[in-house]
Each structure stands twice: as structure tokens, then as C-alpha cells.
Amino acid sequence: MQNLNYPIDLKFHITTLSNDFTATDSSGKIIAYTRQKKWRLREHVEIFSDSSRREVLFEIRASNWLDFNTSYAITHKNGAALGKVSRKGLRSLWSAKYHVIDGEQQDSYQISEENPLIKFVDESIGAVPVVGWFTGYILNPSYVARDNSGKIVLRMKKNPSFFGRKFTLHKTADFDPKDEGLLVISFMMMILLERDRG
């Protein structure tokens, strides 16, 4: 997953039993179909080349079944480690914060919400029956990835949509090309987790 054409659109499917979405690049080409297996003690996410699910590209597995301080190992289809994304403990209750760790175990990027208040209001109103279905048209949080110098390299924005099912990932600055797959997949895992929260 390299040399991608941004922006990348993620669209969740609301007619399936799984937590799944399709990712397409700026030309409309499908770059991944991501599916989270439900009702498991440990998270297990598979990333396929498309919705036919014939070719697995990557897998993501949680390090443990507890929700806080969980790391999610990202591997290639052959089992080789790509890196991991790690949720930052109790602070994630207020503001999403994740660390992207490369294959050499270096903490290379941090993903966080740009404005935690928007997500807090979105989750609060989203819990109201029926009304919550429409918050996706009004409250749209965004998430950014920063490198260790603080530079924002990627930004994911929730787009106005029914059930909050559409997101767009924009490249905002250059970064090491070898990190692209790890960063994009980390965003995919992050948004699965955050969307589950509300």
C-alpha cells in the first residue's frame, strides 16, 4: 500500500452484519475492503484487496482483550510484521490518541483528534435514539497524524452523512514513503474503534 492517490474516501456499509468499509482513491479505484470480525474477545480486522474477500492484504490483531492500552499488531498477508498502532489508555475516553509504531519498534507518529469537544458532543447527542442518526450531518470531527516534530502529515475528516458513515483521508505534508501503508492502515483501525465508540 504505497504511492496512493489522495484523498482516500472511506465508506462504511450499513447493510452488513460486520463493521466494514470500502476505501477508494481519488480516481475511484478500490484500494481496500476492511472488515472487523464481530463478537470476539480480541479484535481481529482483515484488509482485503476488494469486497470479494478473495485476497487478504493485511491483518490486524489486538494484543489483549482489554480495551485500554491495547496495541494492534499489523501484519502482511504472509505474517511479516508491518508495525502496530497503540491506543493511549484512559485519556482516550475524552480524546482519541493513538501511537503508530513501525517495524523497528520506533514510535514514529501520533494520531489524535483536532478538537476533542466536537467528538464529545457528537457522542453525547449520538446516544439519543433517532436524533443520533442525524448527528453525522452536523458534527464532524477530524483526526490528524503528526510526526515526531509535530508536523501534520495526514488528516481524516468525518463527512456529512446519514449514520456518520463517510470519511476522507487527506495528505497534508510529505513523509517517509515506507511509512505510508502503516499510517493509512493505522487510520483505518483507529476509525473502526472510534466509530464503535459513537
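Below, the structure is looked at part by part. (Residues numbered from 1 in each chain as written. Predicted model: local features only at pLDDT ≥ 70, side-chain atom pairs only at ≥ 80, totals over all residues. Heavy atoms only, no water.)

1. Topic: the pattern of salt bridges
Spelled out, the test is: Salt bridges are identified by distance alone: a Lys or Arg side-chain nitrogen within 4 Å of an Asp or Glu carboxyl oxygen. Exposure classes here rest on a 1.4 Å probe applied to the protein chains alone. A residue is buried below 20% of its type maximum, exposed above 50%, and partly exposed in between.
The full count for this structure, using the stated rule, is six salt bridges. For arginine 61, the salt bridge is made with glutamate 59, and the minimal N-O distance between the two is 3.1 Å. Exposure remark for arginine 61: the relative accessible area of 43% places this residue in the partly exposed category. By relative accessible area, glutamate 59 is classed as buried at 18%. Between glutamate 114 and arginine 155 there is a salt bridge, and its shortest N-O distance comes to 2.9 Å.

2. Section: the packing of aromatic side chains
Geometry of an aromatic ring pair is reported as the spacing of the ring centres plus the angle between the planes. The test is simple: Aromatic contacts are taken between Phe, Tyr and Trp rings whose centres are within 6.5 Å, Trp giving its six-membered ring; a plane angle under 30 degrees counts as stacked, one over 60 as edge-to-face, and the others as tilted. Either the NZ atom of lysine or the CZ atom of arginine qualifies as a charge over a ring when it sits within 6 Å of the ring centre and within 35 degrees of the ring normal.
Applying the stated criterion across every chain yields a total of three aromatic pairs. Ring pairing ties together the aromatic residues Phe12, Phe21 and Phe167, which thus form one cluster. We note lysine 171 situated over the ring of phenylalanine 175; from NZ or CZ to the ring centre the distance is 5.1 Å.

3. Observations regarding the environment of methionine 156
Defined as follows: Helix and strand definitions here come from DSSP, where helices need a minimum of 4 consecutive H or I residues and strands a minimum of 2 consecutive E residues; each element is numbered from the N-terminal end. When checking whether two residues touch, look at their non-hydrogen atoms; a contact exists if any pair is within 4.5 Å.
With respect to the helices and strands, the residue methionine 156 is situated in strand 11 (residues 152-158). Methionine 156 has contacts with Leu10, Pro141, Ser142, Tyr143, Phe167, Thr168, Leu169, Phe187, Met190 and Ile191, leaving out every residue within four places of it along the chain.

4. Description of the pairing of strand 8 (residues 97-102)
To keep it simple, the criterion reads: Paired strands, in this sense, are two strands between which DSSP finds at least two bridges.
For strand 8, the buried fraction is high: five of the six residues fall into the buried class. In terms of strand pairing, strand 7 (residues 81-87) meets strand 8 through five bridges, oriented antiparallel. The partner of arginine 87 across the bridge, within strand 8, is tyrosine 98. Sheet topology places strand 8 next to strand 9 (residues 107-113); five bridges connect them, and they run antiparallel. The partner of tyrosine 98 across the bridge, within strand 9, is isoleucine 111. The loop that links strand 8 with its antiparallel partner strand 9 comprises four residues; one of these, glutamine 105, has a positive phi angle of about 65°.

Read these as geometric descriptors, not functional statements.
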